[in-house]
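# A look at the structure
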Amino acid sequence: MLRTHTCGELRKEDAGKEVQLTGWVSRLRDHGGILFIDLRDRWGITQLVVDNKEEIYTQASRVRPEYVIKVKGVVKERPEGLVNPRLSTGDVEIVVKDLEILSSSLLPPFEIEGNKETDESIRLRYRYLDLRRDKVQKNLILRHQVAQLIRRFLSEKEFLEVETPFLTKSTPEGARDFLVPSRLSPGHFYALPQSPQLFKQILMISGMDRYFQIVKCFRDEDLRADRQPEFTQVDIEMSFIEVEDIIQLIEAMMIYVFKESLGVAVDPPFPRLSYHEAMEKYGTDKPDLRIPWEIDDLTELLGQEITSFSRGGNNFAVKALFLPQGEDFSRKKLDVLSERAKENSLSLSWVKGGGSSPLKNKLSEETWQGMVNKYPFGEKALLLLAWGERSNLLNFMGSLRFELGEEWIKDKKPFQFCWITDFPLVDWNEEENRWDSVHHPFTSPREEDLDFLDSHPEKVKSKTYDLVLNGYEIGSGSIRIHQMDLQRRIFNLLNLKEEEIEQKFGFFIEALQYGCPPHGGIALGFDRLIMLMSGESSIREVIAFPKTQKGVCLLTGAPAPVEEKQLEILGISLQKQKK
RNA sequence: GGGGUCGUGGUGUAGCCUGGCCUAACACGUCAGCCUGUCACGUUGAAGAUCGCGGGUUCAAAUCCCGUCGACCCCGCCA
């Protein structure tokens, strides 16, 4: 080793020791007669002192920010009053006897110290410099710790980490695949896995009983702050279990992980909501329960009278959001909301605490009172009302609740988990004119709903569960079908042709017939989890080398054109790009 | 595919709406000098910007208009 200690290691007790340190020059303070260098590595910062009486001073004054240096020196306890309480090593400094410049550095395009706000494209282009910054390093350290904790937790519960292929066949999930052309089979393609879904189920059939993997998954869809084309899942599957077992396991794992990494106590059990309930109360399948407000249904009370002066239509509903402290809402702000409702083919109105409302004269006295009495109206309260087509309306109210809540509820709990269960098994695809799996085709319906499978598929609920944290979906899973006859019924429902089934996942159907244990599992979005744990609002902040919204890696320049020759070998010719 | 925000020395911003006083301001950083106890050192001075790019309007464009490129946020898409 070129060093005896790291830059975060030395303490008072080490005073007098001869040490050797290596690291990056973080800051320089040259007082003419005495020179201070802050030396930085992953572990911290240690102050070096060079006196101009020492020969080494000339050499030391040559260093510049981000130079990599090696110093020999003696640890000295700092005199009274010169201690820096902001550094873990602030009680000591190194009196430099020898200094070697291991490598110099160009002037960095942005300042490393201070985590100063910097344009993200510059940060990503010089990601190696950005990763020297404290903040991103902390995130990656947390990411590592959480990965280790998850591995330890699951290993202790006798889960096996098994690797599954990246070069594989398209899995039946909804997203677009990334394709990899095969040289040995011209005209054929591998797909990068959207998730190891079928492999983990096959591992259950193999008798592994408990499997997990912290694994990259690939989806060729548009990016968002919480979505990258390649992302990491904690993929889990178990045999001989029921919904409750997975929920218990994951709750215990989250409690363990949050306690051991952040020292934060998370309380079980996590609230559980059915999908239906979540949509009704919060207008979303990933509600942020830190916001206390719920959406109420006032269709019965107001529906009839409202349709007498306003548009009704199919699936008409009236929804309300009561804000006990909504007083600051200016007329202007309310008009903006009305405008937005209109853009969504909805109508919006309100009742202010004192009782002023554009609705007052339009409703009968009885209905008006019925509505006002429903709520504990104080002076400061505001009731927001909207009506129109039901699912559209719920969506709108959900985003309203989220936005206003984000803004107004300041002292939120840091972490609020919940489970969303019992998603519908299928939903109607208008374009394709058929039923689609909501989760995937191997999701088990609830036994009690099996009778509806042929008559009213939309009524069938599935054994599904999503884990939600602070309004983000961070996990999704289900109990799978383990019997061939039921699987066939689902394929029929989805209108999958025998040929299609055979071609897409015949290998899996075959496996299913060789003794498949009842099983189920879940996949956690690891990047999102770390993002929330570190308080970031983009997963790019917890990924070492993320891509831009256009899927470009600004560091390497990927994706990039390839040599004509490479394409030839693969038997690929390119179409002319249309302008 | 669509909607929106942004783009000004190395970095972060001001100026833009309401064109001319902009020969583009400020802070940080950089470079040079001075300084023996700083830790966001101080201090004196200096260098550094065709205002993303292209076109247009105008006597005159960082500023107005059109196009284009890039980054970000969102809808669609995606668990």
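Coordinates for the structure precede this section.
Let me begin by describing the structure that accompanies this report. (Residues numbered from 1 in each chain as written. Chains lettered and ligands numbered in written order. Predicted model: local features only at pLDDT ≥ 70, side-chain atom pairs only at ≥ 80, totals over all residues. Heavy atoms only, no water.)

### So, the protein's contact with RNA strand B
The environment of RNA strand B is formed by 50 residues, the closest being Lys53, Leu82, Glu93, Pro109 and Glu221. Sugar and phosphate atoms constitute 52% of the interface atoms of RNA strand B, taking the interface as everything within 4 Å of the protein. Taking Asp51, its side chain carries an N or O atom lying 3.3 Å from a base nitrogen of RNA strand B. In this structure, Lys116 approaches RNA strand B through a side-chain N or O atom, which is 3.1 Å from a base oxygen. When grouped by side-chain class, the residues that make up the surface near RNA strand B number 11 nonpolar, 14 polar and 25 charged. (Near = heavy atom within 4 Å. Polar contact = N/O pair within 3.5 Å; in protein donor to acceptor, adjacent residues only side chain to side chain. Nonpolar A, V, L, I, M, F, W, Y, C, P; charged D, E, K, R; others polar.)

### Regarding the nonpolar core
Counting residues in hydrophobic clusters, the biggest one holds 43 residues, and the most contacted among them are Ile236, Ile250, Met253, Met254 and Phe258. Ranked by residue count, the leading element in this core is helix α6 (residues 243–262), at 8 residues. With residues up to four places along the chain from it excluded, the contact list for Met253 reads Ile150, Phe153, Leu154, Ile236 and Leu524. Grouped together as the second largest cluster of nonpolar side chains are 23 residues, Leu494, Phe508, Ala511 and Leu512 included. (Core = buried A, V, L, I, M, F, W, Y, C linked by side-chain atoms within 4.5 Å. Buried < 20%, exposed > 50% of the residue type's maximum accessible area, 1.4 Å probe, protein only. Helix = DSSP H or I, 4+ residues; strand = E, 2+ residues; numbered from the N terminus. Contact = heavy atoms within 4.5 Å.)

### Here's the deal with the pattern of salt bridges
Taken as a whole and assessed by the stated rule, the structure comprises 41 salt bridges. Taking the shortest distance from any N to any O, the salt bridge between Glu111 and Lys116 comes out at 3.5 Å. By relative accessible area, Glu111 is classed as partly exposed at 48%. Here Glu280 makes a salt bridge to Arg390, at a shortest N to O gap of 2.2 Å. Pair noted here: Glu280 is in helix α7 (residues 275–282) and Arg390 is in helix α11 (residues 390–408), with a separation of 110 residues, a long-range link. A residue is classified by how much of its surface remains accessible, and Glu280, at 18% relative accessible area, is buried. For Arg390, a relative accessible area of 28% translates into the label partly exposed. Ionic contacts of the salt-bridge type, sharing partners, join the residues Arg123, Arg127, Asp130, Arg133, Lys135, Glu536 and Glu541 into one network. (Salt bridge = Lys/Arg side-chain N within 4 Å of Asp/Glu carboxyl O.)

### Re the environment of His144
Within the secondary structure, His144 is located in helix α4 (residues 134–156). Sequence separation between His144 and Ile530 is 386 residues; the distance between their C-alpha atoms is 9.7 Å.

### Focus: the pairing of strand β9 (residues 210–218)
By the criterion of burial, β9 is predominantly enclosed, with 7 of the 9 residues buried. As defined by bridge partners, strand β6 (residues 160–161) adjoins β9 across 2 bridges and the pair is classed as parallel. Bridge pairing in β9 links Leu160 to Tyr211. Pairing geometry for β9 and strand β10 (residues 230–239), over 9 bridges, is antiparallel. In the sheet register, Tyr211 faces β10, and the bridge partner there is Glu237. (Pairing = 2+ DSSP bridges.)

### Quick look at the sheet that holds strand β20 (residues 472–479)
Taken together, 8 strands build an open sheet; the order of strands is β6-β9-β10-β21-β20-β19-β16-β11 and the sheet is mixed. Edge positions in the sheet fall to β6 and β11 (272–274), since each has one partner strand and no second. Helix-sheet contacts for α4 involve β6, β9 and β10, and the interaxial angle to β9 is about 150 degrees. Strand contacts of α6: β10, β11, β16 (417–421), β19 (464–469), β20 and β21 (519–525), with the helix running at about 30 degrees to β21, the strand carrying the most contacts. (Axes fitted to C-alpha atoms, helices over the stretch in contact; angles between N-to-C directions.)

### Focus: helix α8 (residues 299–309)
Residues of α8 that are buried: Leu302, Gly303 and Ile306. Down the axis of α8, the smallest arc covering the buried residues is 120 degrees, so these residues share one side. Summarising the geometry of α8, the exposed residues directed more than 90 degrees from the buried face are Glu300, Gln304 and Ser308. Contacts from the buried residues of α8 go to β13 (316–323), α10 (365–373) and β15 (382–389). (Arc of directions from axis to C-beta.)

### Regarding α6
Between its first and last C-alpha, α6 extends 28 Å over 20 residues, near the 28 Å set by a 1.5 Å rise per residue. Once α6 finishes, Gly263 follows within two positions and takes phi at roughly 70 degrees, a positive value. (Expected span 1.5 Å × (residues − 1).)

### Some words on the side chain of Ser478
For Ser478, the location among the structural elements is in strand β20. A distance of 2.6 Å separates a polar atom in the side chain of Ser478 from a polar atom in the side chain of Arg480. If near-sequence neighbours (up to four positions away) are discounted, Ser478 is found in contact with His439, His440, Thr443, Lys463, Thr464, Tyr465, Gly520 and Gly521.

### Re the environment of Gly471
Inspection of the secondary structure puts Gly471 in the loop between β19 and β20. On the basis of relative accessible area, Gly471 is assigned to the buried category, the value being 13%. Separated by 55 residues in sequence, Gly471 and Gln416 place their C-alpha atoms 8.6 Å apart.

### Some remarks on the sheet that holds strand β1 (residues 18–30)
Backbone-to-backbone hydrogen bonds join strands into a sheet, with any given pair of strands oriented parallel or antiparallel. Sheet architecture is closed into a barrel: 5 strands sit in the order β1-β2-β3-β5-β4, paired in mixed fashion. Each adjacent strand pair in this sheet contributes to an overall mean axis angle of 55 degrees, direction not counted. Relative to strand β5 (residues 92–103), strand β4 (residues 68–77) is paired through 10 bridges, and the arrangement is antiparallel. When the bridges of β5 are listed, Lys70 appears paired with Glu100.

### With respect to the state of the cysteines
Counted by the stated rule, this structure contains 0 disulfides. Cys217 supplies the cysteine sulfur nearest to Cys553, a cysteine that is in no disulfide, at a spacing of 19 Å. When its relative accessible area of 8% is taken as the criterion, Cys553 is described as buried. (Disulfide = S-S within 2.5 Å.)

### Focus on the packing of aromatic side chains
Taken as a whole and judged by the stated rule, the model has 16 aromatic pairs. Each ring, one from Phe322 and one from Tyr375, has its centre 4.8 Å from the other, and the planes form 15 degrees; the classification is stacked. Placement of the pair is Phe322 in strand β13 and Tyr375 in the loop between α10 and β15, with a sequence separation of 53 residues. A single burial state applies to Phe322 and to Tyr375, both of which are buried. Chaining the aromatic ring pairs together yields one cluster made of Phe258, Phe270, Phe415 and Phe417. One Lys or Arg, Arg210, reaches over the ring of Phe159 and ends 6.0 Å from the middle of that ring. The ring of Phe452 is capped by Lys459, whose NZ or CZ atom sits 5.5 Å from the centre of that ring. (Phe/Tyr/Trp six-rings, centres within 6.5 Å; stacked < 30°, edge-to-face > 60°. Lys NZ or Arg CZ within 6 Å of the ring centre and 35° of its normal.)

### Looking at the packing of α8 against α10
Interhelical geometry of α8 versus α10 gives an angle of 145 degrees and a closest axis separation of 10 Å. Classified by chirality, the crossing of α10 by α8 is left-handed. Taken together, the residues of α10 that come into contact with α8 (itself represented by Leu301, Leu302 and Glu305) are Thr367, Gly370 and Met371. Of the residues contributing to the contact of α8 with α10, the split by class is 3 nonpolar, 2 polar and 1 charged. (Left-handed = near helix turned anticlockwise from the far one by under 90°.)

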